[in-house]
Amino acid sequence: CYAAKGRTNTMDISECLSSKTCTTNLSCGSKTVFCMLDVNTGVCSTNGHCADRPTTCEDATVPVCDCDKTTYKNFCEAAKAMKTVKYIGQCSSIEL
């Protein structure tokens, strides 16, 4: 599904999500999927849905910040690392 989206930096990858709910990557049961946590108004939840894990990404540089406050080069790179994007932009050193 990332290929269909052009492996771009979009927060809307709803077609990549399965109906299987999860709380950790392990609960998805495979290294080809990961647990994408629900993010509502900038707050990462402890619940999510299993999502396809990309194997390749475009070289676009649009920094994103994950729920663990790590900055990735783009949305696809975060998903490839099995991380949920909290927001587009570099992580702030001061987050509330």
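Residues numbered from 1 in each chain as written. Predicted model: local features only at pLDDT ≥ 70, side-chain atom pairs only at ≥ 80, totals over all residues. Heavy atoms only, no water.

1. A closer look at the overall build of the protein
Link 1 in the chain: Across its full length, the protein holds one helix and six strands.
Link 2 in the chain: Seen in sequence order, the protein has helices and strands lined up from the N terminus as β-β-β-β-β-α-β.
Link 3 in the chain: Excluding contacts between residues fewer than 6 apart, the proportion of contacts in the protein whose partners are at least 24 apart in sequence is 44%.
Link 4 in the chain: Counting only carbon and sulfur atoms, one obtains 53% of the accessible surface of the protein, whose full area is about 5,600 Å². (Helix = DSSP H or I, 4+ residues; strand = E, 2+ residues; numbered from the N terminus. Contact = heavy atoms within 4.5 Å. Areas by Shrake-Rupley, 256 points an atom, 1.4 Å probe, with all protein chains shown as cover.)

2. Thoughts on the confidence of the model for the protein
Link 1 in the chain: This prediction gives the protein a mean pLDDT of 79; 77% of its residues lie at or above 70.
Link 2 in the chain: Of all helices and strands in the protein, the one with the weakest mean pLDDT is strand E1 (residues 17-22) (78), whereas strand E5 (residues 71-72) scores best (94).
Link 3 in the chain: For residues 2-7, every residue scores under 50 in pLDDT, and the model assigns this stretch 18 contacts once sequence neighbours within four places are set aside. (pLDDT = per-residue confidence, 0-100.)

3. Structural notes on the sheet that holds strand E6 (residues 85-88)
Link 1 in the chain: Ordered by their spatial adjacency, three strands build an open sheet running E5-E4-E6, and the pairing between neighbours is antiparallel. Edge positions in the sheet fall to E5 and E6, since each has one partner strand and no second. (Pairing = 2+ DSSP bridges.)

4. With respect to the layout of surface pockets
Link 1 in the chain: For the second largest pocket, the calculated volume is near 150 Å³.
Link 2 in the chain: Of the residues assigned to the lining of the second largest pocket, the class counts are four nonpolar, four polar and three charged. (1 Å grid on protein atoms, 1.4 Å probe; cavity = no way out; pocket = protein on both sides within 12 Å on 5 of 7 lines; lining within 4 Å. Points joined across faces, edges and corners; volume = space filled by probe spheres on them. Nonpolar A, V, L, I, M, F, W, Y, C, P; charged D, E, K, R; others polar.)

5. Focus: the state of the cysteines
Link 1 in the chain: Taken as a whole, this structure holds five disulfides when the rule is applied.
Link 2 in the chain: Each sulfur of the disulfide joining Cys44 and Cys67 lies 1.9 Å from the other. Taking the sign of the S-S torsion, -80° for the link of Cys44 and Cys67, the bridge is left-handed. Taken together, the residues span a long stretch of sequence, with Cys44 in strand E3 (residues 43-52) and Cys67 in the loop between strand E4 (64-66) and E5 at a distance of 23 residues.
Link 3 in the chain: On the basis of relative accessible area, Cys44 is assigned to the partly exposed category, the value being 23%. (Disulfide = S-S within 2.5 Å. Buried < 20%, exposed > 50% of the residue type's maximum accessible area, 1.4 Å probe, protein only.)

6. Points about the nonpolar core
Link 1 in the chain: Counting residues in each nonpolar core, the largest one holds 10 residues, listed as Phe34, Met36, Ala51, Val64, Tyr72, Phe75, Ala78, Ala79, Met82 and Val85.
Link 2 in the chain: Contributions of two or more residues to this core are made by strand E2 (33-40) and helix H1 (75-80).
Link 3 in the chain: Here this core takes three residues from H1, the largest share from any one element.
Link 4 in the chain: Not counting residues up to four positions away in its chain, the partners in contact with Met82 are Asn25, Val33, Phe34 and Arg53. (Core = buried A, V, L, I, M, F, W, Y, C linked by side-chain atoms within 4.5 Å.)

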